[in-house]
Amino acid sequence: MVRPANGFLSALSADDYEAIRPYLRTVDLPHDTVLVETGEVLTRAYFPHRGVISLVVKLAKGEHVHVAMIGRDSLLGTLSTMGDACALNTAIVLVAGVASVMDLDRLRIAADQSGTLRTSLTRHGLAVFAQVQQTAGCNAAHSVESRLSRCLLHTHDLSGDTRLLLTQEAMAQMIGARRNSVSLVANTLQQADFIHYSRGHIQITNLDGLRQTACECYATVKAQYDRLLGVR
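This is a predicted model, so every value here is computed, not measured. (Residues numbered from 1 in each chain as written. Predicted model: local features only at pLDDT ≥ 70, side-chain atom pairs only at ≥ 80, totals over all residues. Heavy atoms only, no water.)

Trainee: Is there a simple way to explain the packing of helix H5 (residues 144-159) against helix H6 (residues 168-175) in this structure?
Mentor: Helix-helix packing: each pair is described by the crossing angle between the helix axes and the interaxial distance. It is at 10 Å that the axes of H5 and H6 come closest, and there the two elements cross at 105°. As the angle between them shows, H5 and H6 are arranged roughly perpendicular. Of H6, the residues touching H5 (which contributes Val144, Arg147, Leu148, Cys151, Leu152 and Thr155) are Met171, Met174 and Ile175. Taken together, the residues of the contact of H5 with H6 sort by class into seven nonpolar, one polar and one charged. (Axes fitted to C-alpha atoms, helices over the stretch in contact; angles between N-to-C directions. Helix = DSSP H or I, 4+ residues; strand = E, 2+ residues; numbered from the N terminus. Parallel < 35°, antiparallel > 145°, perpendicular 65-115°, else oblique. Contact = heavy atoms within 4.5 Å. Nonpolar A, V, L, I, M, F, W, Y, C, P; charged D, E, K, R; others polar.)

Trainee: Any chance you could explain the pattern of salt bridges here in plain terms?
Mentor: A side chain of one charge can pair with a side chain of the opposite charge if their charged atoms are brought near each other. For the structure on display, the rule yields eight salt bridges. Across the pair Arg25 and Asp103 runs a salt bridge, and its minimum N-O distance is 3.7 Å. Remark: Asp103 occurs in strand S5 (residues 90-103) and Arg25 occurs in strand S1 (residues 25-29); sequence separation between them is 78 residues. Judged by its relative accessible area of 37%, Arg25 is partly exposed. For Asp103, a relative accessible area of 37% puts it in the partly exposed group. The partner of Lys58 in a salt bridge is Glu37, with the nearest N and O atoms 3.1 Å apart. Taken as a pair, Lys58 in strand S3 (residues 44-58) and Glu37 in the loop between strand S2 (34-36) and S3 lie far apart in primary sequence, 21 residues in all. Classification of Glu37 as partly exposed rests on a relative accessible area of 25%. (Salt bridge = Lys/Arg side-chain N within 4 Å of Asp/Glu carboxyl O. Buried < 20%, exposed > 50% of the residue type's maximum accessible area, 1.4 Å probe, protein only.)

Trainee: It is not clear to me how the pairing of S5 should be interpreted in this structure. Could you clarify?
Mentor: A regular strand places its side chains on the two faces of the sheet in alternate fashion. Most of S5 sits inside the fold, with 12 of its 14 residues counted as buried. Bridge analysis of S1 against S5 gives five bridges, and the strand direction is antiparallel. Counted as the bridge partner of Leu29 is Gly97 from S5. The pairing of S2 with S5 spans two bridges and is antiparallel. (Pairing = 2+ DSSP bridges.)

Trainee: Would you mind going over the sheet that holds strand S6 (residues 163-165) with me for this structure?
Mentor: The sheet built from three strands is open, its strands ordered S6-S8-S7 with antiparallel pairing. Because the sheet does not close on itself, it has two edges, and the strands there are S6 and strand S7 (195-198). Neighbour-to-neighbour, the strand axes of this sheet turn through a mean angle of 15°, independent of strand direction. Where S7 meets strand S8 (residues 201-204), four bridges bridge the pair, whose relative direction is antiparallel. In the sheet register, Tyr197 faces S8, and the bridge partner there is Ile202.

Trainee: Teacher, can you tell me more about helix H4 (residues 115-141) here?
Mentor: Along an α-helix, residues three or four apart share an orientation, since each turn contains 3.6 residues. Here H4 spans 39 Å end to end across 27 residues, near enough to the 39 Å set by a 1.5 Å rise per residue. Those residues of H4 that fall on the buried side of the exposure criterion are Leu117, Ser120, Leu121, His124, Gly125, Ala127, Val128, Ala130, Gln131, Thr135, Cys138 and Asn139. (Expected span 1.5 Å × (residues − 1).)

Trainee: Sorry if this is basic, but what is going on with the environment of Pro48 here?
Mentor: For Pro48, the position within the fold is in strand S3. With 41 residues separating them along the chain, Pro48 and Gly7 place their C-alpha atoms 8.9 Å apart. In contact with Pro48, not counting residues within four places along its chain, are Ala5, Asn6, Ile53, Ile70, Gly71, Arg72, Ser74, Leu75, Val98 and Ala99.

Trainee: What is the right way to look at the environment of Ala177 in this model?
Mentor: With respect to the helices and strands, Ala177 occurs in the loop between H6 and helix H7 (179-191). A C-alpha to C-alpha distance of 9.4 Å links Ala177 and Arg147, two positions 30 residues apart in sequence. Excluding its chain neighbours within four sequence positions, the residues that come into contact with Ala177 are Val144, Arg147, Ala172 and Val182.

Trainee: Is there a simple way to explain the side chain of His66 in this structure?
Mentor: Position of His66 among the secondary structure elements: in strand S4 (residues 64-70). A polar side-chain atom of His66 sits 2.3 Å from a polar atom in the side chain of Ser54. Ignoring anything within four residues of it in the chain, the contact list for His66 reads Ser54, Leu55, Val56, Leu94, Thr135, Asn139, Ala170, Gln173 and Met174. (Polar contact = N/O pair within 3.5 Å; in protein donor to acceptor, adjacent residues only side chain to side chain.)

Okay, structure coming up:
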């Protein structure tokens, strides 16, 4: 049986996959859809095939800061299966796509009955936590240019596409910067022929150039994912 194009689902053993397969269904992930708000109870797990889900912290003055992204390699709802399902941050669709979904209670029951499934969920949760930690340090210490290059590379990896629909506002939230700073840096990357940017549409034209411009955080997060989850 052909499995959905999601890294978590494709890596499961036959028994673990069969335990959750009857409960999976496919849904669209429209851009800017809010999947859960901070403080709400997450009721469904999302396994993206395409597209990217952003985990966002909303501050009192209205600022939104992206702290992690989830794409085709993982799932939204890892730690909620092992404890409190109350969302610690808001989950928003950053890049439109498609996902498999299932009720979180069903996934929790399957994890309670399978040590291997529970271990896989834990490792994916640790990978997201490692990304959150690295993002916090990166946004505090590195230049806007290196941070934006990191985020564009990461978004490309998660979505599998070199064409991205990202407004200046979205990119500013991704790296914790002001819109005017993002505009200047995006123009610099375009002049270097690393990207082509027009009215929220980004075409990545030189991945190697972005890798050379990005800070070490891109490689650090990727290494953690490779260690915890296998080849990404």
